[in-house]
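For reference, the chains in residue letters:
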Amino acid sequence: MREATAEPAASGPVQHLSFSVAGSTFGVPVLRVKEIVQYESETRIPGAPASVRGVINLRGAAVPVVDLGVKFGRAEVEPTSRTCVLVVESRAEDGPCVLGVIADCVHEVVDLSEADVEPPPQFGVGVETEYLHGVGKVGKEFVLLLDLDAALSHLERARVSELATAG
């Protein structure tokens with residue numbers, strides 16, 4: 001399995017928050033999720049990458065919101081009553097960054113041991129494998145384990161921050 005550079009090696013099960021985006025179930029480590037907020041319309045930022053829906057006001061701070069559906073080449077997430085924003089921490093060489101990720105819905109927290117995680121398949125998941133650090137087995141279902149640092153790349157974050165402060 002490809003090493004996940006952003007996640008420390010764990011001796012026991014690691015808790016992941018599972019959520020859906022564009023028909024796929026993803027998981028992120030619970031410790032990287034700062035909070036889950038109800039979806040409210042974001043403020044669009046002209047010139048931002050297509051996958052960045054805009055920014056939301058989170059207690060006075062502008063938090064960029066990423067649409068993983070668009071990032072992964074699918075349709076833009078259509079908000080429903082179950083749509084929410086996962087406020088997560090992404091890490092890069094220049095330090096941590098707080099971002100929002102739009103989710104169609106949140107499922108549950110799942111415990112995944114090393115034995116429950118397989119390397120990402122080279123094809124057939126509809127997501128570039130560079131954005132995954134594995135596939136977790138939860139019963140008969142699979143959860144695509146998102147590599148937040150790769151999926152929410154430094155260059156994308158820098159561009160959004162630049163546009164948000166310029167406007």
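All values derive from a computational prediction rather than experimental measurement.

Definitions and limits used
- Residues numbered from 1 in each chain as written.
- Predicted model: local features only at pLDDT ≥ 70, side-chain atom pairs only at ≥ 80, totals over all residues.
- Heavy atoms only, no water.
- Helix = DSSP H or I, 4+ residues; strand = E, 2+ residues; numbered from the N terminus.
- Buried < 20%, exposed > 50% of the residue type's maximum accessible area, 1.4 Å probe, protein only.
- Contact = heavy atoms within 4.5 Å.
- Areas by Shrake-Rupley, 256 points an atom, 1.4 Å probe, with all protein chains shown as cover.
- Pairing = 2+ DSSP bridges.
- Axes fitted to C-alpha atoms, helices over the stretch in contact; angles between N-to-C directions.
- Salt bridge = Lys/Arg side-chain N within 4 Å of Asp/Glu carboxyl O.
- Core = buried A, V, L, I, M, F, W, Y, C linked by side-chain atoms within 4.5 Å.

Side note on the overall build of the protein
Step number 1: Of the regular secondary structure elements, the protein holds 3 helices and 11 strands.
Step number 2: Along the protein, from the amino end to the carboxyl end, the secondary structure elements read β-β-β-β-β-α-β-β-β-β-β-β-α-α.
Step number 3: Each of the 167 residues in the protein was classed as buried or not, and the buried ones make up 47%.
Step number 4: Taking the intrachain contacts of the protein between residues at least 6 apart in sequence as the baseline, contacts between residues at least 24 apart amount to 57%.
Step number 5: For the protein, the exposed surface amounts to about 8,800 Å²; the carbon and sulfur share of it is 52%.

Let's talk about the sheet that holds strand β7 (residues 95-103)
Step number 1: Read from one edge of the open sheet, 5 strands run β3-β6-β7-β5-β4, paired in mixed fashion. Two strands lie at the open edges of the sheet, namely β3 (33-38) and β4 (52-58), each paired on one side alone. Between one strand and the next, the sheet's axes are offset by a mean angle of 35°, whatever the strand orientation.

Points about the pattern of salt bridges
Think of it this way: side chains of opposite charge can pair up when their charged atoms draw near.
Step number 1: Counting across every chain of the model gives 10 salt bridges.
Step number 2: For the salt bridge of Arg32 with Asp149, the shortest nitrogen-to-oxygen distance reads 2.5 Å. With a gap of 117 residues between them, Arg32 in the loop between β2 (24-29) and β3 and Asp149 in helix α2 (residues 148-151) connect regions that are remote in the sequence.
Step number 3: Glu76 is paired through a salt bridge with Arg44; the nearest N and O atoms lie 3.5 Å apart. Placement of Glu76 in the loop between α1 (68-71) and β6 (84-92) and of Arg44 in the loop between β3 and β4 is noted, with a sequence separation of 32 residues between them.
Step number 4: By relative accessible area, which is 32% here, Glu76 ends up partly exposed.
Step number 5: Here the residues in one salt-bridge network are Glu42, Arg44, Arg53, Asp67 and Glu76, joined through shared partners.

Thoughts on the nonpolar core
Step number 1: One finds Phe19, Leu68, Leu86 and Leu146 to be the most contacted residues of the largest nonpolar core, which totals 38 residues.
Step number 2: Excluding residues within four positions of it along the chain, Leu68 makes contact with Phe19, Val21, Val101 and Leu146.
Step number 3: Within the second largest apolar cluster, 5 residues are counted, among which are Val110, Val117, Val143 and Leu145.

Side note on the environment of Glu141
Step number 1: Relative to the helices and strands, Glu141 is located in strand β11 (residues 141-146).
Step number 2: Each C-alpha atom of the pair Glu141 and Thr25 lies 9.1 Å from the other, and the pair is 116 residues apart in sequence.

Considerations on the side chain of Arg53
Step number 1: Following the sequence through the fold, Arg53 ends up in strand β4.
Step number 2: Under the relative-accessibility criterion, Arg53 is labelled buried at 3%.
Step number 3: Excluding residues that lie within four positions of it along the chain, Arg53 makes contacts with Tyr39, Glu42, Thr43, Arg44, Val65, Asp67, Glu76, Val77, Pro79 and Ile102.

With respect to the sheet that holds β2
Two strands in a sheet stick together by hydrogen bonds in their backbones, pointing the same way (parallel) or opposite ways (antiparallel).
Step number 1: The 6 strands are arranged β8-β1-β2-β11-β10-β9 in an open sheet whose pairing can be described as mixed. If you trace the sheet from one side to the other, it starts and ends with β8 (105-112) and β9 (117-118), each paired once.
Step number 2: With 2 bridges connecting them, β9 and strand β10 (residues 132-138) associate as antiparallel partners. Across the sheet, the residue bridging to Val117 is Gly136, located in β10.

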